[in-house]
Amino acid sequence: MPSVIRVNLPQDSYDIAIAPQSLDQLGEQMQPLKLGKKVLVVSNPVVDRRYGDCLRSSLTAAGFDVSTCILTAGEQYKTLRSIQKIYDAALEQRLERSSTMVALGGGVVGDMTGFAAATWLRGINFVQVPTTLLAMVDASIGGKTGVNHPQGKNLIGAFYQPQLVAIDPEVLKTLPAREFRAGMAEVIKYGVIWDSELFTQMEQAKRLDQLRYVDAGFLEEILARSCQSKADVVGKDEKEAGLRAILNYGHTIGHAVESLTHYKGMNHGEAVAVGMVAASRLAVALGLWDEECDRRQFALIEKAGLPTKLPEGLNLEEIIDTLQTDKKVKDGKVRFVLPTQIGAATVSDRVTSDLIRQILPEMQ
């Protein structure tokens, strides 16, 4: 069954439309938004080969003038050089302020397309068509756009909301199992920080590590509840002045791991899973939540087939040093998102380097 979730913002509110087999209806979905005629579809070779023609046909049938920009796939290519490729395509196609960029792909494509849209002609229209579970439940929603700096993840970026997020769960059937598991990390995150019922539903599921073990009804529940969680938080705090920071649960250590491994070896979801294990242990050490909650989260991460240990060879002091570049650092203090109960979390600056040195060796 299709569902529409509204992201309510003071300005620039928009819909998240979840509907099976809706990829070939994107043109119809975009028509009521009164966008300009020119559309630049941004994708990567793998996704474009599978879904690009279907998407372009839908847009062309709806009267849009469509062109395409193909970016190299991979987090390591989430750079200003890739943004330059989008700018070059925008210039070649003479995109105007009424024109639209459509991101067809995962979180990397979505983040870069959004940043390019935010900065081309000081801001043009932008539509998200996520094709990975991680992008569907997290990266495509909320308007965080950007690229990585060699010294840290997502240090260059802007808040820029899309006009529409169009989710077709059918495309997940071609998603590699590892990428499905990566998306489950973000779903588990929502269960821990916001939605205790979702957490319990995942605990009751037999397996979460492959799409074929998740029936269509439960997948719809996962997508709808996760998107609603993100919409709820973003609606209360669009630009991370306070509450929205909880969406970074697991990301503080996770981003450090990604940066230190040069975005190779561990993907984003896997790094977040490891970061959630670390944050949970830190929360127990600080008396914010108990050993039983820690055990339940650990079991769920394992059920999703996600890693629970740091990659081999990472230097503990380098991790601590890298944390200083985290975007949540305030007055020189690293602020961690820490769980307080299943379904609730807080942001704390009580995590010292000594406490990190105490906890992380258990995860090596």
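Shown above is the structure to which this text applies.
Presented here is an overview of the structure given in this document. Nothing here was measured: the structure is a model prediction, and the numbers come from that model.

## Here's the deal with the overall build of the chain
Next up, step 1: Looking only at helices and strands, the chain features 13 helices and 11 strands.
Next up, step 2: Relative to the 2.2 N^0.38 estimate, which gives 21 Å for 364 residues, the radius of gyration of the chain is 20 Å and therefore close to what a compact globule would have.
Next up, step 3: In terms of overall dimensions, the chain has C-alpha extents of about 60 × 40 × 40 Å along its principal axes.
Next up, step 4: Put simply, the chain has 364 residues, and 57% of those count as buried.
Next up, step 5: Counted over contacts in the chain with a minimum sequence separation of 6, partners at least 24 positions apart contribute 76%.

## As for the sheet that holds strand β9 (residues 164-167)
Next up, step 1: The strand order across the open sheet formed by 7 strands is β1-β2-β9-β6-β5-β3-β4, and the pairing between neighbours is mixed. In this open sheet, the two strands that pair with only one neighbour each are β1 (3-7) and β4 (65-70). Between one strand and the next, the sheet's axes are offset by a mean angle of 20 degrees, whatever the strand orientation.
Next up, step 2: In terms of strand pairing, strand β6 (residues 125-130) meets β9 through 2 bridges, oriented parallel.

## Comments concerning helix α11 (residues 291-303)
Next up, step 1: For α11, which comprises 13 residues, the first-to-last C-alpha distance of 18 Å matches the rise-based estimate of 18 Å (1.5 Å per residue) to within 8%.
Next up, step 2: All of the buried residues in α11 are C293, D294, Q297, L300 and I301. When α11 is viewed along its axis, its buried side chains cluster within an angular range of 130 degrees and face the same direction.
Next up, step 3: The secondary structure elements touched by the buried residues of α11 are α6 (177-193), α7 (196-204) and α10 (268-285).
Next up, step 4: Between a side-chain oxygen at the N-terminus of α11 and the backbone nitrogen of E292 the separation is 3.3 Å; the capping residue is D290.
Next up, step 5: Looking one or two residues past α11, G305 carries a phi angle of roughly 70 degrees, positive in sign.

## Things to note about the pattern of salt bridges
Next up, step 1: Considering all chains together, one arrives at 22 salt bridges under this definition.
Next up, step 2: With its nearest N and O atoms 3.5 Å apart, the salt bridge here joins E197 to R225. Of this pair, E197 sits in helix α7 while R225 is found in helix α8 (residues 216-236), placing the two residues 28 residues apart along the sequence.
Next up, step 3: On the basis of relative accessibility, which here comes to 45%, the residue E197 falls in the partly exposed class.
Next up, step 4: Here R357 and E317 are joined by a salt bridge, their closest N and O atoms 2.7 Å apart. In this pair, R357 sits in helix α13 (residues 353-359) while E317 sits in helix α12 (residues 316-322), placing the two residues 40 residues apart along the sequence.
Next up, step 5: The class of R357 is partly exposed, set by a relative accessible area of 32%.
Next up, step 6: Among the ionic contacts, a cluster of salt bridges with common partners joins E75, K78, D111, K153 and E258.

## Brief notes about the side chain of S140
Next up, step 1: Residue position: S140 is located in the loop between α5 (133-139) and β7 (144-149).
Next up, step 2: There is a polar contact of 2.7 Å between the side chain of S140 and the backbone oxygen of A135.
Next up, step 3: Those residues in contact with S140 that sit more than four places away from it in its chain are Q128, P130, A135, P162 and V165.

## Observations concerning the pairing of strand β3 (residues 38-43)
Next up, step 1: The buried count for β3 comes to 5 of 6 residues, which makes it a mostly enclosed element.
Next up, step 2: Pairing between β3 and β4: 6 bridges, direction parallel. Within the sheet, the bridge partner assigned to K38 lies in β4 and is D65.
Next up, step 3: Running through helix α2 (residues 45-61), the crossover from β3 to the neighbouring parallel element β4 is right-handed.
Next up, step 4: Across 4 bridges, the pairing between β3 and strand β5 (residues 100-105) is parallel. In the strand pairing of β5, V42 is matched with A103.

## Considerations on the nonpolar core
Across soluble globular proteins, nonpolar side chains have a tendency to be buried as a group.
Next up, step 1: By size, the foremost hydrophobic cluster in this structure holds 99 residues, and its most contacted members are L26 and M30.
Next up, step 2: Not counting the four nearest positions on each side in its chain, L26 is found in contact with L55, S58, L59, V102, V127, V129, L164 and A166.
Next up, step 3: Judged by nonpolar contacts, the second largest core, of 22 residues, contains L40, A89, V109 and A116.

## So, the side chain of T100
Next up, step 1: As for its position among the elements, T100 is in strand β5.
Next up, step 2: Leave out the neighbours within four places in its chain, and T100 touches M30, L35, K38, V39, L40, N125, F126 and V127.

## Some words on unusual backbone geometry
Next up, step 1: One non-glycine residue, K34, lies in positive phi territory at about 55 degrees.
Next up, step 2: Summarising the element assignment, K34 is placed in the loop between α1 (26-30) and β3.
Next up, step 3: Not every positive phi belongs to a glycine, and R94 is a case in point at roughly 55 degrees.
Next up, step 4: Looking at where R94 falls in the secondary structure, it is placed in the loop between α3 (80-92) and β5.

## Comments concerning helix α4 (residues 107-119)
Next up, step 1: Over its 13 residues, α4 runs 18 Å from end to end, which matches the ideal 18 Å to within 8%, given 1.5 Å per residue.
Next up, step 2: Counting buried positions over the 13 residues of α4 gives 12, a clear majority of the element.
Next up, step 3: Taken as a whole, α4 has its buried residues at G107, V108, V109, G110, D111, M112, T113, G114, F115, A116, A117 and A118.
Next up, step 4: Among the residues trailing α4, L121 stands out with phi positive, at a value near 55 degrees.

What counts and what doesn't
Residues numbered from 1 in each chain as written. Predicted model: local features only at pLDDT ≥ 70, side-chain atom pairs only at ≥ 80, totals over all residues. Heavy atoms only, no water. Helix = DSSP H or I, 4+ residues; strand = E, 2+ residues; numbered from the N terminus. Rg over C-alpha atoms; globule rule 2.2 N^0.38 Å. Buried < 20%, exposed > 50% of the residue type's maximum accessible area, 1.4 Å probe, protein only. Contact = heavy atoms within 4.5 Å. Pairing = 2+ DSSP bridges. Axes fitted to C-alpha atoms, helices over the stretch in contact; angles between N-to-C directions. Expected span 1.5 Å × (residues − 1). Arc of directions from axis to C-beta. Polar contact = N/O pair within 3.5 Å; in protein donor to acceptor, adjacent residues only side chain to side chain. Salt bridge = Lys/Arg side-chain N within 4 Å of Asp/Glu carboxyl O. Right-handed = clockwise from strand over helix to strand, strands pointing away. Core = buried A, V, L, I, M, F, W, Y, C linked by side-chain atoms within 4.5 Å.

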